[in-house]
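Listed below, chain by chain, are the residues.
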Amino acid sequence: MGQQSGQQMQSGMSGQGSNLSERELLQLALNEAKYTAAAVNTFALESTNDTLRRDYLTILGDVHSQEKQIFDLMQQKGYYNVKNASPQEISQVQSKFSQGQ
């Protein structure tokens, strides 16, 4: 039984049966980084020990850096296109939020 489990594990790790594209893998990595950032942020906010809080904040910075690298790679490959806002659109949003205060 141990040998069979090992063979199944090797087969799964070799990618057989998995047809994810590069884009899908990068999207999964980006989603995981976002999830991790949210979790670590919660840990930092709820930490009562200052040393532990600092450690969590360091980890959070690392996760944000990794997330940015994945995002930049996706943009470079054309997988994640972002439309830049025009100065007029930025002005409209600024006006909207400054009126609410």
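Refer to the preceding data block for the structure.
As the structure is a computational prediction, the values presented were derived from the model and not from experiment.

A. Looking closely at a nonpolar patch on the surface. Residues Leu20, Leu25 and Leu28 make up a contiguous nonpolar surface patch of roughly 280 Å² in combined accessible area. Along the chain, leucine 28 turns up in helix H2 (residues 22-46).

B. Broad picture of the packing of H2 against helix H3 (residues 50-76). Orientation of H2 relative to H3, taken along the N-to-C sense of each, is 160°, at an axis distance of 9 Å. One way to sum up the angle between H2 and H3 is to call them roughly antiparallel. For H2 against H3, the interelement crossing comes out left-handed. Here the contact of H2 with H3 is built from residues that sort into 18 nonpolar, 4 polar and 4 charged.

Cut-offs and rules
Residues numbered from 1 in each chain as written. Predicted model: local features only at pLDDT ≥ 70, side-chain atom pairs only at ≥ 80, totals over all residues. Heavy atoms only, no water. Patch = residues over 30% accessible without salt bridge, like charges linked within 9 Å, V, L, I, M, F, W, Y side chains within 5 Å. Areas by Shrake-Rupley, 256 points an atom, 1.4 Å probe, with all protein chains shown as cover. Salt bridge = Lys/Arg side-chain N within 4 Å of Asp/Glu carboxyl O. Helix = DSSP H or I, 4+ residues; strand = E, 2+ residues; numbered from the N terminus. Axes fitted to C-alpha atoms, helices over the stretch in contact; angles between N-to-C directions. Parallel < 35°, antiparallel > 145°, perpendicular 65-115°, else oblique. Left-handed = near helix turned anticlockwise from the far one by under 90°. Nonpolar A, V, L, I, M, F, W, Y, C, P; charged D, E, K, R; others polar.

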